[in-house]
Amino acid sequence: MEDNNDNKMGMIHRLTKDIFRLMKQSPPSVEYIVRCSFVEIYLEKVLDLLNPVNRSIQILSNENDGSGGAGGSASMGMGGGGAAQPSSTDNNEGGGVRLHGASEACCIDESDVISLLVRGNACRTVSSTKMNTDSSRSHAIFIMKIEQKDNVTGITKTSSLQLMDMAGSELGGK
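Not measured: the values here are computed from a predicted model.

Q: Can you explain the overall build of the protein chain? Please cite residues and give values.
A: For the protein chain, the helix and strand inventory stands at 3 helices and 10 strands. The 174 residues of the protein chain split such that 34% are buried. Sequence separation of at least 24 residues holds for 62% of the intrachain contacts in the protein chain that already meet a minimum separation of 6. By element, 53% of the accessible surface of the protein chain is carried by carbon and sulfur atoms, the whole surface being about 10200 Å².

In structure tokens, the structure reads:
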């Protein structure tokens, strides 16, 4: 049953709460690493919302870079914990398009993820429109990568949740 605060939470907050709740319910032999990135696309440039001075983000296609769609980022080793610190890594081990050079922060709990959202949203490009005084003028992409390792079987699984906020999408509900 949801309380009144849950009814006011957005989709990312609800997903984050559910993800960490499910991770806590896992057997003790299962470890998780959660890494998040947050970027915006504005005037055809990709900007790092977790590290605004980072101007080196590239959008790459796995089909054109010789990897043949079989991903592999060497940065996925176990580690982390503690405070969320950005580190530059790729955001997509699978096929398709990937962001190279976007900051990534390790998150140990739900509050770390929410803090990154707040920090990143403060850096978004906004301006006033007739429909909204704080309308986003950019597309935003929030990426949450979850690595699950079962220490009994040795099996490691990686998932990536990518959520987008498209510029002007507030018009859909009007």
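Q: Describe the pattern of salt bridges, listing the residues and the values that go with them.
A: Applying the stated criterion across every chain yields a total of 4 salt bridges. Put simply, Arg21 and Asp18 hold a salt bridge, and the shortest N to O gap is 3.5 Å. Of this pair, Arg21 and Asp18 both sit in helix H2 (residues 11-24), 3 residues apart, roughly one helical turn. Residue classification places Asp18 among the partly exposed residues on the basis of a relative accessible area of 36%. For Glu104, the salt bridge identified is with Arg35, shortest N-O distance 3.9 Å. Residue Glu104 is located in strand S6 (residues 103-107), and its partner Arg35 is located in strand S1 (residues 30-42); the two are separated by 69 residues in the primary sequence. Glu104 sits in the buried class, given a relative accessible area of 2%. Ionic contacts of the salt-bridge type, sharing partners, join the residues Arg35, Glu104 and Lys145 into one network.

Q: Just give me the short version of the packing of aromatic side chains, but keep the residues and values in it.
A: To describe a pair of aromatic rings, one takes the distance between the centres and the angle between the planes. Counted under the stated rule, the structure contains 1 aromatic pair. With a centroid separation of 5.4 Å and 85 degrees between ring planes, the pair formed by Phe38 and Phe142 is classed as edge-to-face. Pair noted here: Phe38 is in strand S1 and Phe142 is in strand S9 (residues 139-150), with a separation of 104 residues, a long-range link. Phe142 shares its class with Phe38; the two are buried.

Q: Help me get a handle on H2, residues and values and all.
A: A rise of 1.5 Å per residue sets the reference length of H2, with its 14 residues, at 20 Å; its end C-alpha atoms lie 20 Å apart and thus fit the reference within 8%. Every buried residue of H2 is listed here: Thr16, Ile19, Phe20 and Met23. Seen from one end, H2 has its buried residues packed into an arc of 90 degrees, which puts them on one side. Contacts from the buried residues of H2 go to S1, S6, helix H3 (110-122), S9 and strand S10 (156-165).

Quick notes on the rules
Residues numbered from 1 in each chain as written. Predicted model: local features only at pLDDT ≥ 70, side-chain atom pairs only at ≥ 80, totals over all residues. Heavy atoms only, no water. Helix = DSSP H or I, 4+ residues; strand = E, 2+ residues; numbered from the N terminus. Buried < 20%, exposed > 50% of the residue type's maximum accessible area, 1.4 Å probe, protein only. Contact = heavy atoms within 4.5 Å. Areas by Shrake-Rupley, 256 points an atom, 1.4 Å probe, with all protein chains shown as cover. Salt bridge = Lys/Arg side-chain N within 4 Å of Asp/Glu carboxyl O. Phe/Tyr/Trp six-rings, centres within 6.5 Å; stacked < 30°, edge-to-face > 60°. Expected span 1.5 Å × (residues − 1). Arc of directions from axis to C-beta.

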